[in-house]
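A look at the structure
So you can see what is in the structure, the chains are spelled out below.
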Amino acid sequence: MRIAKVEPIILSHKLEESFYFSQWEYSERKICIVKITTEDGLVGWGEGYGPAEVLASGIKFLSQFIIGGSVLNNEGLWQLMHRRSIDYARRGILVASLSAIDLALWDLKGKILDQPISVLLGGRKREQIQAYATGMYFSNSENLGDKLAEEAVMYKEQGFTAMKMKVGHTVKEDIEFVGKVRKAIGDDVELMVDSNHAYSLTEAVKLSRNIEEYDISWFEEPVSPEGYDAYRELRSKTTIPIAGGECEYLRDGFFHLLQNKSVDIIQPDICACGGITEVKKIISMAQTFGIDYVPHCWGTGIALSAAMQVLCNYDIMPGRMFEANALMELDCTENGLRQKLTTPVVQAVDGMVDVPDNPGLGIEVDEDVVNFYAVKS
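Conventions used here
- Residues numbered from 1 in each chain as written.
- Predicted model: local features only at pLDDT ≥ 70, side-chain atom pairs only at ≥ 80, totals over all residues.
- Heavy atoms only, no water.
- Buried < 20%, exposed > 50% of the residue type's maximum accessible area, 1.4 Å probe, protein only.
- Helix = DSSP H or I, 4+ residues; strand = E, 2+ residues; numbered from the N terminus.
- Pairing = 2+ DSSP bridges.
- Salt bridge = Lys/Arg side-chain N within 4 Å of Asp/Glu carboxyl O.

1. Quick look at the pairing of strand β2 (residues 25-38)
When you tally the buried positions in β2, you get 10 out of 14 residues, the bulk of the element. Examined bridge by bridge, strand β1 (residues 3-20) and β2 share 13 bridges and lie antiparallel to one another. Counted as the bridge partner of H13 is R29 from β2. With antiparallel pairing between neighbouring strands as the criterion, β1 and β2 make up a hairpin whose turn holds 4 residues. As judged from the 5 bridges shared by β2 and strand β3 (residues 43-47), these two strands associate in the antiparallel manner. Among the inter-strand pairings, K35 is bridged to a residue of β3, identified as W45. Connecting β2 to the antiparallel partner β3 that follows it, the hairpin turn spans 4 residues, and G41 within it adopts a positive phi of roughly 90 degrees.

2. Some words on the pattern of salt bridges
For the structure on display, the rule yields 24 salt bridges. Between E7 and K5 there is a salt bridge, and its shortest N-O distance comes to 3.8 Å. When its relative accessible area of 45% is taken as the criterion, K5 is described as partly exposed. The residue R91 makes a salt bridge to E226 at a minimum N-O spacing of 3.2 Å. Taken together, the residues span a long stretch of sequence, with R91 in the loop between α2 (74-83) and α3 (93-113) and E226 in the loop between β7 (216-220) and α8 (228-237) at a distance of 135 residues. For R91, a relative accessible area of 39% puts it in the partly exposed group.

3. A word on unusual backbone geometry
In this model, M317 is joined to P318 through a cis peptide bond whose omega is 0 degrees. Within the secondary structure layout, P318 lies in the loop between α11 (301-313) and β11 (327-331). Here the bond from T343 into P344 is cis, since omega is -5 degrees, no more than 30 degrees from zero. Considering the arrangement of structural elements, one finds P344 in the loop between β12 (342-343) and β13 (352-354). One non-glycine residue, D114, lies in the positive phi region at around 60 degrees. Note on placement: D114 falls in the loop between α3 and α4 (117-120). By relative accessible area, which is 53% here, D114 ends up exposed. Positive phi outside glycine occurs at N196, with the angle close to 50 degrees. You can see N196 is positioned in the loop between β6 (190-194) and α7 (201-211).

The structure is reproduced here in structure tokens:
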């Protein structure tokens with residue numbers, strides 16, 4: 001089947017209550033998805049991670065190189081788009097635009113061959129994946145630490161056995177907030193922290209040493225994503241595992257993280273790092289360095305389903321009879337796009353999510369919802 005049409009679509013959902021993290025405030029969720037239609041009328045869906053309007057422009061630029069191409073030649077189309085953009089886009093928004101297209105091509109390929117993507121990647125290793133709740137963002141409220149602790153307890157009551165909170169407010173306040181959350185949820189729940197590269201190396205070391213007593217499972221994006229040496233030095237100065245990579249692109253970018261021994265856990269976003277085609281290679285490379293993989297995922301059911309299909313196929317190395325489960329991020333903050341756009345809705349029961357086994361991504365996109373949230377040009 002050949003590609004007839006590539007349509008980037010920007011969706012926007014105004015939040016009832018804005019929230020912020022270490023870098024800026026969100027008052028809406030705005031996401032760019034892509035719809036690819038074949039000459040026979042079959043439709044595949046993808047999603048990019050980044051500024052929606054810029055992603056849409058990137059998708060429009062790249063689409064000229066794949067119109068008329070065969071869906072089953074998806075890796076060849078990936079190479080063509082990469083070659084036509086590498087001179088000015090070895091990382092960044094055009095790679096994320098390519099990623100969105102790649103997801104849609106894999107969705108179509110699965111539908112054509114009547115198989116879920118996980119099977120096409122080599123087989124389904126698990127039918128459920130452990131999810132950790134992402135939340136506990138900052139808000140303009142009194143007693144912020146108490147509010148974060150209350151939210152954490154809510155996730156525990158919902159059955160989550162792992163969760164991630166934001167840090168990056170100030171080192172002093174972060175120490176207080178992490179302590180309150182740990183006390184509220186007890187010792188039987190995994191707790192991770194994410195500063196979204198808010199800190200200098202000195203600040204990150206200070207924070208790490210002061211929260212080590214709270215049994216933190218990882219410290220995510222502690223310093224600038226450009227600071228490979230700072231990442232490595234921080235690893236040597238704390239017992240907390242260091243995670244990063246959501247701002248990294250392609251195998252070459254992740255090779256820098258791995259070669260510099262910067263992280264214990266890589267977190268490529270499939271909707272930005274090069275898509276399913278590239279993340280499979282990134283994971284294999286990381287495994288040769290003995291580094292774990294937990295994808296960053298902060299979008300709609302399209303992005304979540306892509307992560308689940310990859311994790312369903314993921315080999316946890318080195319392997320053992322009673323191995324740990326694969327782990328994925330599940331954003332639990334307000335997002336009408338995530339809750340309404342796709343079926344089945346991705347939700348955790350007792351901290352576990354079921355991997356769809358329908359063809360392609362395994363989901364259906366509601367085009368009435370697409371039209372409702374679409375930003376009119």
